[in-house]
Amino acid sequence: MLVDLLLAAIHHLLVFGLIAMLVTESVLLRGHADDGAIDSRTAGRLARLDGGYGACAVLLLGVGVLRLIYGIKGYDFYLHNPWFHAKIGLYVLTGLLSALPTLNFMRWRRALRSDPAFVPAVADVARARLIVRLELVAIALIFVLAAAMARYGGF
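Thresholds, definitions, all that
Residues numbered from 1 in each chain as written. Predicted model: local features only at pLDDT ≥ 70, side-chain atom pairs only at ≥ 80, totals over all residues. Heavy atoms only, no water. Axes fitted to C-alpha atoms, helices over the stretch in contact; angles between N-to-C directions. Helix = DSSP H or I, 4+ residues; strand = E, 2+ residues; numbered from the N terminus. Parallel < 35°, antiparallel > 145°, perpendicular 65-115°, else oblique. Left-handed = near helix turned anticlockwise from the far one by under 90°. Nonpolar A, V, L, I, M, F, W, Y, C, P; charged D, E, K, R; others polar. Expected span 1.5 Å × (residues − 1). Bend = angle between axes of the 7 residues up to and from the residue. Contact = heavy atoms within 4.5 Å. Polar contact = N/O pair within 3.5 Å; in protein donor to acceptor, adjacent residues only side chain to side chain. Patch = residues over 30% accessible without salt bridge, like charges linked within 9 Å, V, L, I, M, F, W, Y side chains within 5 Å. Areas by Shrake-Rupley, 256 points an atom, 1.4 Å probe, with all protein chains shown as cover. Salt bridge = Lys/Arg side-chain N within 4 Å of Asp/Glu carboxyl O. Core = buried A, V, L, I, M, F, W, Y, C linked by side-chain atoms within 4.5 Å. Buried < 20%, exposed > 50% of the residue type's maximum accessible area, 1.4 Å probe, protein only. Lys, Arg positive; Asp, Glu negative; His and termini not counted. Charge placed at Lys NZ, Arg CZ, Asp CG, Glu CD. Phe/Tyr/Trp six-rings, centres within 6.5 Å; stacked < 30°, edge-to-face > 60°.

## With respect to the packing of helix 1 (residues 2-28) against helix 2 (residues 40-70)
Part 1 of the argument: At a closest axis distance of 9 Å, the pairing of helix 1 and helix 2 adopts a crossing angle of 155°. One way to sum up the angle between helix 1 and helix 2 is to call them roughly antiparallel. Crossing of helix 1 over helix 2 shows left-handed handedness.
Part 2 of the argument: Taken together, the residues of the contact of helix 1 with helix 2 sort by class into 20 nonpolar, seven polar and four charged.

## Quick notes on helix 4 (residues 82-114)
An α-helical turn contains 3.6 residues, so a residue and the one three or four places further along point in the same direction.
Part 1 of the argument: Here helix 4 spans 49 Å end to end across 33 residues, near enough to the 48 Å set by a 1.5 Å rise per residue.
Part 2 of the argument: The largest bend in helix 4 amounts to roughly 30° and is located at Leu-100, with the proline Pro-101 lying one to four residues further along.
Part 3 of the argument: Looking at the buried positions of helix 4, the neighbouring elements they touch are helix 1, helix 2, helix 3 (74-79) and helix 5 (122-151).
Part 4 of the argument: At the N-terminal end of helix 4, a side-chain oxygen is found 2.9 Å from the backbone nitrogen of Trp-83, two or three residues along, and the residue is Asn-81.

## A look at a nonpolar patch on the surface
Part 1 of the argument: Judged by side-chain polarity, Val-3, Leu-61, Val-65, Leu-66, Ile-69 and Tyr-70 come together as a nonpolar surface patch covering roughly 560 Å² of accessible area.
Part 2 of the argument: Take the nonpolar patch: its biggest share by element is five residues, from helix 2.
Part 3 of the argument: Take Leu-61: it is sitting in helix 2.

## A word on the nonpolar core
Part 1 of the argument: Leu-18, Leu-29, Ile-38, Leu-46, Leu-60, Phe-105 and Trp-108 are the most contacted members of the largest nonpolar core, which totals 29 residues.
Part 2 of the argument: Elements with a contribution of two residues or more to this core: helix 1, helix 2, helix 4 and helix 5.
Part 3 of the argument: Leaving out residues up to four positions away in the same chain, Leu-18 has contacts with Tyr-53, Cys-56, Ala-57, Leu-60 and Ile-139.

## Thoughts on the side chain of Glu-135
Part 1 of the argument: Relative to the helices and strands, Glu-135 is located in helix 5.
Part 2 of the argument: Among all residues touching Glu-135, those that are not within four sequence positions of it are Leu-22, Tyr-53, Thr-94, Leu-97, Ser-98 and Pro-101.

## As for a positive patch on the surface
Part 1 of the argument: Taken together, the side chains of Arg-41, Arg-45, Arg-48, Arg-107, Arg-109, Arg-110 and Arg-113 make up a positively charged region of the molecular surface.
Part 2 of the argument: Elements supplying a minimum of two residues to the positive patch: helix 2 and helix 4.
Part 3 of the argument: Residue placement: Arg-45 occurs in helix 2.
Part 4 of the argument: Relative accessible area serves as the criterion here: at 36%, Arg-45 is assigned to the partly exposed category.

## Thoughts on the environment of Arg-127
Part 1 of the argument: Along the chain, the position of Arg-127 falls in helix 5.
Part 2 of the argument: The sequence separation of Arg-127 and Asn-104 amounts to 23 residues, and the corresponding C-alpha distance is 9.5 Å.

## Description of the packing of aromatic side chains
To describe a pair of aromatic rings, you give the distance between the ring centres and the angle between the ring planes.
Part 1 of the argument: With the rule as written, the count across this model stands at three aromatic pairs.
Part 2 of the argument: Ring geometry for Phe-77 versus Tyr-78: centroids 5.2 Å apart, planes at 85°, classification edge-to-face.
Part 3 of the argument: Judged by its relative accessible area of 23%, Phe-77 falls in the partly exposed class.
Part 4 of the argument: Following the ring pairs from residue to residue traces out a cluster consisting of Phe-77, Tyr-78 and Phe-84.

Okay, structure coming up:
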């Protein structure tokens, strides 16, 4: 039972960390009030923050697999639970969606190395902002699916 408790606690802490980083990205992507642009310093922060977000997402998946294997409910509960499959599917979709801003942030980081005064295009910032906000909506839906999964094993 202690292993289950520890895995659940780590899982939840990673979820909160992931959400905190994603909300911070969303706030930083708001840009200036007048034109929505961001400066070079913010672009660098976003790139570093997104690295932490990616690491947190991978760790979250790893701890989730450990919960599936070593958790009290056992893998049968999860593998026969349609809500679990929906939750994992949405998690994977969110991960794929997050690749788009990540590629932007990596491109911005490279541009900053060669030109410290680099400023991302406003259209790129707006696109990244939209995708990050869609990711936050998807995570909210994942919470709903997690609640359904925990309470209703099947239909």
